[in-house]
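Tertiary structure, described
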Amino acid sequence: MRRAIHRVVGGFKGFLNVSPSGVGAAEEPYRTGWQFYAVIAAASAIRYWLGSGFPVFAIGSAVHDDYLFIKLASYLLHGQWLGPYDQYTLIKGPFYPLFIAAAHLTGLPLLDMEQALYIFSAFVLILAIAPILKNRVLLFLLFAAILFLPISFDFWIAARIIRDFVYASLTLLLVACTIALTTRTSASLLQLLPWSLGLGLSLFAFWTIREEAAWILPFVVLFLGGGLAYLVLIAHPQILWRLGLILLTLAIWWGGVAAVSWINYSHYGIFAVTEINDPTFDAAFGALTRVKSPVWYPDVPVTAEARKLIYPLSPAVRELEPFLEGQLGKNWASFDTRPYPNPHEVEIQGGWNIWAFRDAVSSAGHYSSGKFPAAYYRQIAAQIGQACDSGALKCYPKTISISQPMDARHLPFIAQSTLRSAKFLFRFKNFTVTDHYASLAPDHWPIFEEVTNQLVSGGGKSASGQNSTSANAVHHFFVVKVISRIAHGYALVAPSFSIFAVLVFILELLHNLIRRRITLAVLLSLGLWIEIAARVFLLALLDATSFPAINTSYFAPAYPLVVTVQFLSASIVYQWIVQFSRRRVTAGSAT
C-alpha cells in the first residue's frame, strides 16, 4: 500500500515537473531593468492623457444606475452610509459608490481616477505574469494592448457613471494577484504578503460591486487549490506560512463582506450585501418563478397567466396586483418591444421582472418602515409554497434562487445565445467612441458635478457655469479620431489572433499531456479560457432567459482576459522558435 502511494505521489510530481519552463517557472522575479519601466511609464502617461479630461456622461433618469450610484456616494460622503432605506438602496453592491466617494475625497475627477485604476491594474498584471511570459517585448506589447483596448474608451463604459469600467480593472487585479501569490514558489513571505493582501482586497471589491461575481471563482480555485496542492507534493518548507497567507486572503475577503453585511443589518435589518444576496428575498421571488404557467416564454419567468393563478391563493402577492397589472407593470413591460399573443397582458422580461416586483412591493407600502421587509417576503414564500405543496398550483421543484427554473425548452435558445455571445466577444466590435451628451434634469446637475469633481457633458451651461461642450474640444476630437482608428485595428486583428490562440493552446496542451508536464503558460491559459468561457456562457444564459445581455458593458471584464491569453499563446510560439533554433545549433555542432 505504501509503495502504491509513493507511485501516485511520484506520478503527480512527474506531471508537475519543476523545470525552467514548468510549474516552478515563476520561482524567481523576472528582471526587466529601468529602460523597460521608463517605456511603461511613457505608455501610461499617453494613455492617461488620452482618457483624461472628458466630461461625465450621465443619465439622470437611470435611477437603478447613474443617479443611484451618485446618490449613494453622496450619502456616504455625508456619513449616512447608504441613506434612507427604499427599494433602491440595496439593489446593487456598495463598492462602486464607495469608490466614487473615495475619488471625491482625493479632489481629482472621478473619470481620471477610474483611468488611473485601469492603468495600475494593467501594470500589476504584467508584474505578476512577467516570470511566465519572460520576454520584455511581449510584456510591453501585452501592457499596451490592454492599455489601449477600445473598451476602455467606450463612452457608455469609461465616461458614464456606471460600474463596468471599475469592474474590468478589478478583474485584472484579481487575476494578477492570484497568479503571483500561487506561482512564486521561491519568493519570501514578505514578498508574497502584498499579493495576499491585494488578492483579499480584490476579492472583497469584486464580490461587492456586481451580483454575478461567482463567475471568477473557477480561476481562483484552480490556482489557489492547485498551488497549495503543488506545495504539499514538493513538501515545501514554508507550507504552513503559505497556507497562512491564503487564509489571510480569505479572511480579508469574507471579513469585508461580513462587515458590509453587518453595517447593512445595523441600518436596515438585513444581513447581506444586497437584497439579492438575502435568502429571504430569494425564497420569495423564487416562489413566484416556480409556478408553472399555461403559457411559456423563455425569458419571462413570471408570466401574466402565472400571476393570475397566484393572486387568489396568496393574499400577500394579491397586494401587488394593482401595480403589476397597472401602469407600473406596463412601464417595465415596455422595455420588451416583441409582440405577444395577447397584447393586453403585461409580460415583463426576466431582467426587469425582479425590479418590477420590488417596485410593486414598495408601492404597496412595505418599504415605508425604513427596514428590509423580511416578514412580507416570508409570507409570499410560505403562501405560494403551501399552494404548490397542496396541488392548488402546478409548480417546479422548490428553489431558493432568483433564477428562472430551466427545462429542455430553454436549450435551443441558450445554444443560439452562446454562439452569438462568443461571436460578439471575439470580433472586438460595437465600441462607441463618439461624444455623447448627458441626460439630466436641472436639479441633478449640481449633485453629479459636486460628487464627481468634474463637468457633466451637456448642450449648455453646467451647474458650475462653464460650457461643458466647448471644454477640451480639440482634445476630444483628437482622442475620438485616434481611438476610432485603434478600435478598427483591433476589430481587424483580434478574430484571427483569437483563433491562433486557441490552436496554439490546444497543441501545447496536448504536447504537455504527452510529456506529462504542465507548464505555467498552459496552466494560466487554461484558467483564462475557463473564465472567458464562463463569461460567454453567463451572458448567453442571461440573454436567453432574462433580457438582452450581449453587449460591450457586460463583456468589459472579458476583453483584457482575451488579450492576455492571446499574448500567452504568442509567448508559447516564441518558445517553440527558440527551442527549434537551439536544436538546429546543437545538431550543427554535433556534425
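The sections below set out a description of the structure shown in this document. Everything numeric here is computed off the predicted structure, so don't read it as measured data.

It is worth spelling out the pattern of salt bridges at this point. Tallied over the full model, the rule gives 12 salt bridges. For Arg210, the salt bridge goes to Asp164, with nearest N and O atoms at 3.3 Å. Linking Arg210 in the loop between helix H9 (189-207) and helix H10 (217-233) with Asp164 in helix H8 (residues 164-183), this pair joins segments that are 46 residues apart in sequence. Residues Arg210 and Asp164 agree in their burial class; the two are buried. Linking Asp543 and Arg420 is a salt bridge whose minimum nitrogen-to-oxygen distance equals 2.4 Å. One end of the pair, Asp543, is in helix H22 (residues 520-545); the other, Arg420, is in helix H19 (residues 411-427), with 123 residues separating them in the sequence. Its relative accessible area of 13% is what places Asp543 among the buried residues. Looking at Arg420, the relative accessible area reads 44%, which means it is partly exposed. A single salt-bridge network, built from bridges that share partners, covers Asp164, Arg210, Glu212 and Arg535.

A separate point is the packing of helix H2 (residues 34-51) against helix H5 (residues 110-133). Across the interface, H2 lies against H5 with an axial gap of 10 Å and an inter-helix angle of 155 degrees. The orientation of H2 with respect to H5, classified from their angle, is roughly antiparallel. Here H2 runs over H5; the crossing is right-handed. Here Phe36, Tyr37, Ile40, Ser44, Arg47, Tyr48 and Gly51 of H2 lie close against H5, whose contacting residues are Asp112, Gln115, Ala116, Tyr118, Ile119, Phe123, Ile126 and Leu127. Of the residues assigned to the contact of H2 with H5, the class counts are 10 nonpolar, 3 polar and 2 charged.

A separate point is a nonpolar patch on the surface. There is a patch of nonpolar side chains on the surface, built from Val502, Ile506, Leu510 and Leu513 and spanning about 320 Å² of accessible area. Within the secondary structure, Leu510 sits in helix H21 (residues 473-515). In this structure Leu510 comes out as partly exposed when scored by relative accessible area, which is 46%.

Attention now moves to the packing of aromatic side chains. With the rule as written, the count across this model stands at 33 aromatic pairs. Aromatic side chains Tyr85 and Tyr367 sit 5.8 Å apart centroid to centroid with 40 degrees between the ring planes, which places their arrangement in the tilted category. Here Tyr85, found in the loop between helix H3 (66-77) and helix H4 (95-106), pairs with Tyr367, found in the loop between helix H17 (350-363) and helix H18 (374-390); they are 282 residues apart in sequence, far enough to count as distant. Note on Phe426 and Trp529: the rings are 6.3 Å apart at their centroids and 45 degrees apart in plane angle, and the pair reads as tilted. Linking Phe426 in helix H19 with Trp529 in helix H22, this pair joins segments that are 103 residues apart in sequence. A residue is classified by how much of its surface remains accessible, and Phe426, at 21% relative accessible area, is partly exposed. These aromatic residues form a ring-pair network of at least three members: Phe281, Phe285, Phe357, Phe372, Tyr376 and Tyr377. The lysine or arginine in question, Arg210, covers the ring of Tyr167, its NZ or CZ lying 5.7 Å from the ring centre. Against the face of Trp215 rests Arg535, its NZ or CZ located 4.9 Å from the ring centre.

Here we take up the packing of H19 against H22. Two numbers describe how H19 lies on H22: the axes approach to 8 Å, and their chain directions differ by 130 degrees. As far as their axial angle goes, H22 and H19 are oblique. Considering only the axes of H19 and H22, their crossing is right-handed. Here H19 contributes Phe413, Ile414, Ser417, Thr418, Arg420, Ser421, Ala422, Leu425 and Phe426 to the contact with H22, which in turn contributes Trp529, Ile532, Val536, Phe537, Leu539, Ala540, Leu541, Asp543 and Ala544. Of the residues contributing to the contact of H19 with H22, the split by class is 13 nonpolar, 3 polar and 2 charged.

Moving on: the side chain of Thr171. Within the fold, Thr171 resides in helix H8. Contact partners of Thr171, with chain neighbours within four places excluded, come to Phe206, Trp215, Ile216, Pro557 and Leu561.

The subject of this paragraph is the environment of Thr280. Considering the arrangement of structural elements, one finds Thr280 in helix H12 (residues 279-289). The class for Thr280 is buried, based on a relative accessible area of 18%. Each C-alpha atom of the pair Thr280 and Tyr376 lies 9.5 Å from the other, and the pair is 96 residues apart in sequence. Each residue touching Thr280, except ones within four places of it in the same chain, is listed here: Phe372, Ala374, Tyr377 and Arg378.

Here H18 is 17 residues long and its end C-alpha atoms lie 24 Å apart, about the 24 Å a rise of 1.5 Å per residue gives. If you check which residues of H18 are buried, you get Ala374, Tyr376, Tyr377, Ile380, Gln383, Ile384, Gly385, Ala387 and Cys388. Check the buried side of H18 and you find it contacts H12, helix H13 (304-310), helix H14 (315-318) and H17. Backbone geometry just after H18 places Gly391 at a positive phi near 90 degrees.

Next up on the list: the nonpolar core. Counting residues in hydrophobic clusters, the biggest one holds 181 residues, and the most contacted among them are Ile161, Tyr377 and Ile384. Leave out the neighbours within four places in its chain, and Tyr377 touches Glu275, Thr280, Phe281, Ala284, Phe357, Arg358, Val361, Tyr367 and Phe372.

In this section: the environment of Ser498. Within the secondary structure, Ser498 sits in helix H21. When the C-alpha positions of Ser498 and Ser569 are compared, they lie 9.4 Å apart, and in sequence the two are 71 residues distant. Setting aside chain neighbours within four positions, we find Ser498 in contact with Phe426, Trp529, Val562 and Gln566.

Its identity as a non-glycine residue notwithstanding, Trp81 has a phi of 50 degrees, on the positive side. By secondary structure assignment, the location of Trp81 is in the loop between H3 and H4. You can call Trp81 buried: its relative accessible area is 13%.

A word on helix H6 (residues 136-147). When the terminal C-alpha atoms of H6 are compared, their 16 Å separation across 12 residues agrees well with the 16 Å that a helix rising 1.5 Å per residue should span. Three or more residues of H6 are buried, namely Leu138, Leu139, Leu142, Phe143, Ala144, Ala145, Ile146 and Leu147. At the N-terminal end of H6, a side-chain oxygen is found 3.0 Å from the backbone nitrogen of Val137, two or three residues along, and the residue is Asn135.

Attention now goes to the side chain of Thr178. With respect to the helices and strands, Thr178 occurs in helix H8. In this structure Thr178 comes out as buried when scored by relative accessible area, which is 0%. For Thr178, the side chain forms a polar contact with the main-chain oxygen of Leu174, separated by 2.7 Å. When residues no more than four places from it in sequence are discounted, the contact partners of Thr178 are Leu199, Phe219, Val220 and Phe223.

Rules used in this analysis
- Residues numbered from 1 in each chain as written.
- Predicted model: local features only at pLDDT ≥ 70, side-chain atom pairs only at ≥ 80, totals over all residues.
- Heavy atoms only, no water.
- Salt bridge = Lys/Arg side-chain N within 4 Å of Asp/Glu carboxyl O.
- Helix = DSSP H or I, 4+ residues; strand = E, 2+ residues; numbered from the N terminus.
- Buried < 20%, exposed > 50% of the residue type's maximum accessible area, 1.4 Å probe, protein only.
- Axes fitted to C-alpha atoms, helices over the stretch in contact; angles between N-to-C directions.
- Parallel < 35°, antiparallel > 145°, perpendicular 65-115°, else oblique.
- Left-handed = near helix turned anticlockwise from the far one by under 90°.
- Contact = heavy atoms within 4.5 Å.
- Nonpolar A, V, L, I, M, F, W, Y, C, P; charged D, E, K, R; others polar.
- Patch = residues over 30% accessible without salt bridge, like charges linked within 9 Å, V, L, I, M, F, W, Y side chains within 5 Å.
- Areas by Shrake-Rupley, 256 points an atom, 1.4 Å probe, with all protein chains shown as cover.
- Phe/Tyr/Trp six-rings, centres within 6.5 Å; stacked < 30°, edge-to-face > 60°.
- Lys NZ or Arg CZ within 6 Å of the ring centre and 35° of its normal.
- Expected span 1.5 Å × (residues − 1).
- Core = buried A, V, L, I, M, F, W, Y, C linked by side-chain atoms within 4.5 Å.
- Polar contact = N/O pair within 3.5 Å; in protein donor to acceptor, adjacent residues only side chain to side chain.

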